[in-house]
Amino acid sequence: MSNKEALRELQHRLAHRMQQAREQTGTGASWLAVECAGYGLLFSLKHAAEIFAPVPLKPLPYAKPWMAGLANLRGGLFTVVDLAVFLGLRDAQTPLAEQRGEARAEASQARLVSLNPELNCNCALLVDRLAGLRGDDQLRLDTSDPASQVGAEGQRRPRFAGPRMLDEAGRSWQQVHLDALSKHEQFLQVVV
């Protein structure tokens, strides 16, 4: 199976599981794990909608550096935010593959993750790579994270940045609350 077919199959499985998670009620919330500039990020499946392969983007003049452009996704117009640039993890001027020193094939693992339409934000996030799904039972709070300490001060994070979690392999994952991100003042102001 070629890498392209494997990625397509992974994307299909993730989309199916995301749909199942949204339809579930009660416990068992799951996360979509993605990577941006080498950092692991978790999106709640209730706030992420669909995963798309990158499409040609229409650039937006006079937009903030993280605004990658406009995309037509399933006939809908979406603004595309380069999440690594928005979070300050990567410079907007350097193409992804060059900055990471990776081959073009690896840069092709980038995906667009659209926000749930219930958030009233026609937006998709450009992420470097999908890393699968994580269940709450696979994650535990990263107690080494200073912001996770009770009474922690001086470690202010934006409201969309939840606690850091550790997976079974000990890798750290930062929760990103897409509902809070969609309401964040800087996220909404796209004009320079």
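Before any of the text, the structure's been laid out above.
Residues numbered from 1 in each chain as written. Predicted model: local features only at pLDDT ≥ 70, side-chain atom pairs only at ≥ 80, totals over all residues. Heavy atoms only, no water.

Draft legend 1. Up close: the environment of Asn122. For Asn122, the location among the structural elements is in the loop between strand S6 (111-115) and strand S7 (123-127). Residues Asn122 and Leu77, spaced 45 residues apart in sequence, show a C-alpha to C-alpha distance of 7.1 Å. When residues no more than four places from it in sequence are discounted, the contact partners of Asn122 are Leu77, Phe78 and Thr79. A polar contact of 3.3 Å, which involves the side chain of Asn122, links it to the backbone oxygen of Leu77. (Helix = DSSP H or I, 4+ residues; strand = E, 2+ residues; numbered from the N terminus. Contact = heavy atoms within 4.5 Å. Polar contact = N/O pair within 3.5 Å; in protein donor to acceptor, adjacent residues only side chain to side chain.)

Draft legend 2. Representation of unusual backbone geometry within the structure. Backbone geometry at Ala37 places phi at a positive 50 degrees, although glycine is not the residue there. With respect to the element layout, Ala37 can be found in the loop between strand S1 (30-36) and strand S2 (39-44). Even without being a glycine, Asn120 presents a positive backbone phi close to 55 degrees. Note on placement: Asn120 falls in the loop between S6 and S7. Its relative accessible area of 73% is what places Asn120 among the exposed residues. (Buried < 20%, exposed > 50% of the residue type's maximum accessible area, 1.4 Å probe, protein only.)

Draft legend 3. Molecular detail of the sheet that holds strand S8 (residues 129-135). The strand order across the open sheet formed by 6 strands is S8-S1-S2-S11-S10-S9, and the pairing between neighbours is mixed. Bordering the open sheet on either side are S8 and strand S9 (140-141), each of which pairs with just one other strand. Two strands pair when backbone bridges link them, and S1 and S8 are joined in this way by 6 bridges, in the antiparallel orientation. Bridging from a neighbouring strand, Leu32 pairs with Leu133 of S8. (Pairing = 2+ DSSP bridges.)

So, to be careful, I would describe these as geometric facts and stop short of saying anything about function.
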